Each structure stands twice: as C-alpha cells, then as structure tokens.
Amino acid sequence: MAARVQPLTKRPASKRSVWSALASDYNKVSKLHLHQLFAGDPQRGERMAVEAVGLYLDYSKNRVTDETLRLLLRLADESGLRERIDAMFSGEKINITEKRAVLHVALRAPRDASILVDGKNVVPEVHSVLDKMADFSNRVRIGAWKGHTGKQIRNVINIGIGGSDLGPVMAYEALKHYSERAMNFRFVSNIDGTDFAEAVRGLDPAETLFIISSKTFTTLETMTNARTARSWSLAGLGNDETSVAKHFVAVSTNAAEVAKFGIDTANMFVFWDWVGGRYSMDSAIGLSTMVAIGPENFRSMLNGFHQMDEHFRTAPFEANLPVLMGLLGVWYNDFFGAQTAAVLPYEQYLKRFPAYLQQLTMESNGKHVTLSGKEVTRDTGPIYWGEPGTNGQHSFYQLIHQGTRLIPCDFIAFAKPLNPLQRHHDLLLANVFAQTEALAFGKTPEQVKAEGTPDWLVPHRVFEGNRPSNTILAEQLTPETLGKLVALYEHSVFTQGVVWNIDSFDQWGVELGKVLAQRIISELESPAEPILNHDSSTNTLVRRYRKLKEQQ
Ligand code: G6Q
C-alpha cells in the first residue's frame, strides 16, 4: 500500500539541502524589486508564461528569478512529486490515515480507460453512474419525471454540506449561463433553519425535487435538513408516503442509510470511498449540476477536468501549470511568510469560486503533521480568500496594495464575455491588467511628486509595488474551462501537499466537528436541568441559553 509513500519520509537529507538553498536564494531575491527583474530581462513577461489545455498562466509578476524556479523545481523532484503523481493516478492508497485511494481523476477518465483499485477497474462503474445520472437528468429536464400529483418538476433543491454542497453551488453559479432557466435550483446546507425556510419559500411541494447529497448519509446537518424537507414535502402532498419516491433522490456511498431514511435505493446515485468530499463535484454529487446544465455540458466539464489531469500527469514540471502554481505558493508561504493567498476571479459567474477553493485548499493542506505523524517543520496551507473583481477593488485591495502584509494573488480572467454588453468587458479586463501592473510596479515618490502632489501627501500616495500575482487567462468560461480550472487548483494543492509531505486527503478536523455538538444537544434539550461537566465558560453559556429559550 504505502510502498511509494514510505520512502519519501526517509528522504529529508537531500530535501533539506534544497530548502537551505532556497533560503539563501530568498535572502537575495527578497531584496530585488519586480521592476528590476523586468528591466533586466525584457522578455520576462513572455518567458515566464505557460499555455496548456487552453489556459494561459502568466507567472512573470512573481518575486522569483530563474534560479528560484530551478530550486523550486528541484524541491518538487526531491519531494518525489513524480512518484506521488503516479501513485495517485494508479490508485495507490495515498490517503494513508484513512487507508484509501485518491481517485477523483477516475471520475473524469474516458470510458475506455482502466484505473484499478484493489485490482478492480473502477472506470466502467463511473460511467454507468454517469449514464444513470444522464437518464435521470434528461427525464427531469424534459418533464418526463413527474411529481406525485403529475406536475412537472420545476424546483430542484440540493441538501448537503461541505464537499456535498460547495462544489454543486459553485458549479451551478459558475455555469448558470448554460443552465435550464425554466427551473429553479437552490441549495440548503446550514443546520440553521433559516437556510431551509428561505430555500423553499414560495415553492410548491408538488413541483419540488430534493437531492439529498451525503457521502456518509449520517451528517447531522444534512440529515436534519432532509427530515425537515420530508415533512415539508409530505405536508404539501397529502401526507402520502408514496410521494417520497417522486420527490426525493439520494447521492451517497451508504445504501443502508439511504434505505433507512426511506429513499428507494433505485433512486440512489452512488460514488465511492476513494472520492473525497471536496473532490466530489464531478461525481454523482454533481447531480444537481447535471440537471441544471444537461448531461452534454456536464460531460464537457469532465472532459476539461481530464485534460488538466493529463497535463498534470505528463507535462514536464517546468511547463506544468499546477506544479508551477503549487511551488510558487510554497515559496511565498514558507520563505516570505505569507499567511494568506487571494483568488480574484474577474468573472461574476465565479462568485462562489473562492469559497469553493477555501475548502479545497484549507481542508486539504491545513495539517500539522507529516505522513509519518511527525510535527511539520514548515508552515503548511495558507488561508485562501477572495471575491470577484472589480468589487474587491473597492474594499480590501487597499490592504493588498498598501498594507504591511504580502498577499500573493491569483487573477482569473476570460477573453470573451458570456454577457457582452457595450464596453463592459474591455473595462473589466482593463482592471485586471491594471491591477496586476500596479501591484507589481507600484508608484515611486518621484512619480507621485511629478503629479503635483504636495510633499506631506506623498508618502500616503506611494505604492511600493513588488506585490506578486499570477494571471490566468482563458478564452471563455465554459463547462470545459471550469473543469480545467478546478483541476488546476486540485493538482496545485496536491503538489504542495507532496512538498510538505502531509496527507492532503484526510480531514480529522472536520470529523471532530461532526461529534462535538452531540454531547451538548441533549443538555440543551433536556426538560430537567442537566448536570454540566464542561469548563465554566461552556457551562454558563449552556445555562444562559436554556434560560433565554424558556423566556420565549
Ligand atoms: C470534505 C469533507 C466534508 C464533507 C462534509 C459532508 O472533503 O469530508 O466537507 O464533505 O462533511 O459529508 P457527507 O457528504 O458525508 O455528508
């Protein structure tokens, strides 16, 4: 199982030498300004760019020299990245703490591919689920799948949380342009009753289909919302239990729990334990996406994912988009001490992309021990955040431009708009290019003075620049492009996880949250005053809540 993982943990000696070489390089490079790097190399903007599978990555506005890149690539080699990529793609159980293969790449493998897990080719099963999803989606979209009273389904509500929610929401928003506009798509995740109440507001239960998405089918939030949905649906359909079959379908790995909940397993779409929650938007968890955009568009999204997978698997590291982005992230995280990274899509449809990436990156690489359980010696995953441009420019960009922290940014833009209106798109793109330019080159006191600024105001209007960014430019936001973009970040996260020698595919911190509340629930709900054995703060909060609740 861990045949290829084990030796990596025994490799620190050579890896240490490249870390120290990078540390000395940092001492030199951190004193250089991007305007010097550009002035010294007029071709830099063309040289430090890679185009692959239709995505253009300009990484020239990063605080690196050729030597830095050479060392970072050596770091990747010495971390065993090539072997780890092969291990992932060949179904080895690289998620060692859960003893699982990590095969989201199999979800988008072509029909004739063969990927073995425990000696069994999983690709035929992947495609048989996709076919079942396509048949179901088509029937719902054309109105052949009718509700209990014979009405057509007009509303689809996905109930799920975390990986069973963020991907579907992000993909629906990102691909809304391609969606069936005669239908409504809503998403319920929070256990806060408001989420459900607002999602069903104004909807007719006879026209509403719920997709209960949960890998385990035991998650408190999802099961609570699913039960509430069941009551809401039954109440609107004459409390006829047979209506459940027409208004509820499940996406899960756990058939027993699905049946226990009362959903016919014929209406269940499966996936597998080798698909991590945050890597599952292209599995059956994407059912709401497929209903929204149709099977053909969904398949073209999978094709986009697959193209990036193949690029990652085969391209030399120096021309490999996820590898380069991952390594640049390590450079800022571990040498410049950057604590965060901003993702700034200049595309309104990608408004949920930063939230999606927060889970992908932070749940994957927010780890403090190595694969062998030892405390890490470097900082791991940075905090990801962002908002779509240009809105962010009118709020937090101030800190990126003139604050005291270094925040590496990814700018994402598309050449062709999906909604071409007058000059909007040129103005949008002018902002992207202007921002990356201003961040890199800033404005000197001399330039500020030359504009006629009074001396006392000059320091306030100076921009020191030297603030790094990547620019990702693609032709247009299509299902295929979205697949490429998500896979780009998935593999960039993987690259970083390999360098840090951590398990990017477990999530014990999330598991903890799933059990923590259990003990307190009964203390909040018990009619008799409970005996509390928490700390004094928690005990007081519990008592205060009980008292306030009684006063209602
Ligand atoms: C993702 C995490 C987590 C998970 C949710 C929902 O990688 O494991 O976000 O997706 O906790 O879990 P279920 O799908 O099992 O309900």
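Calculation rules
Residues numbered from 1 in each chain as written. Predicted model: local features only at pLDDT ≥ 70, side-chain atom pairs only at ≥ 80, totals over all residues. Heavy atoms only, no water. Helix = DSSP H or I, 4+ residues; strand = E, 2+ residues; numbered from the N terminus. Contact = heavy atoms within 4.5 Å. Near = heavy atom within 4 Å. Areas by Shrake-Rupley, 256 points an atom, 1.4 Å probe, with all protein chains shown as cover. Nonpolar A, V, L, I, M, F, W, Y, C, P; charged D, E, K, R; others polar. Core = buried A, V, L, I, M, F, W, Y, C linked by side-chain atoms within 4.5 Å. Buried < 20%, exposed > 50% of the residue type's maximum accessible area, 1.4 Å probe, protein only. Arc of directions from axis to C-beta.

What about the environment of Gly-262?
For step 1, the next point in the chain: Positionally, Gly-262 belongs in the loop between α12 (255-261) and β9 (268-270).
For step 2, the next point in the chain: Through-space distance from the C-alpha of Gly-262 to that of Val-169 is 25 Å; in sequence the pair is 93 residues apart.
For step 3, the next point in the chain: The residues touching Gly-262, leaving out its near neighbours within four places in the chain, are Arg-230 and Val-244.

Structural notes on the site of the ligand
For step 1, the next point in the chain: Near the ligand, the surroundings consist of 14 residues, among which Ser-164, Ser-214, Lys-215, Thr-216 and Thr-219 are the closest.
For step 2, the next point in the chain: Taken by itself the ligand offers 410 Å² of open surface, and the protein chains cover 93% of this.
For step 3, the next point in the chain: Tallied by class, residues from the shell around the ligand come to 1 nonpolar, 9 polar and 4 charged.

Focus on the nonpolar core
For step 1, the next point in the chain: Ranked by size, the top nonpolar core spans 121 residues in total, and within it Trp-274, Phe-353 and Leu-482 carry the most contacts.
For step 2, the next point in the chain: Per-element tally for this core: the top contributor is helix α21 (residues 479-500), with 11 residues.
For step 3, the next point in the chain: In contact with Trp-274, other than residues within four places in its own chain, are Ala-101, Val-102, Leu-103, His-104, Ala-106, Leu-107, Val-117, Val-122 and Val-126.
For step 4, the next point in the chain: Counting residues in each nonpolar core, the second largest holds 22 residues, with Ile-159, Phe-196, Ala-226 and Val-258 among its members.

Observations concerning helix α9 (residues 193-200)
For step 1, the next point in the chain: Within the sequence span of α9, burial applies to Phe-196, Ala-199 and Val-200. Down the axis, α9 shows its buried residues gathered within 85° of arc, on one side only.
For step 2, the next point in the chain: Against the buried residues of α9 lie β5 (155-159), β6 (184-188), β7 (208-213) and α10 (220-236).
For step 3, the next point in the chain: Among the residues trailing α9, Gly-202 stands out with phi positive, at a value near 80°.

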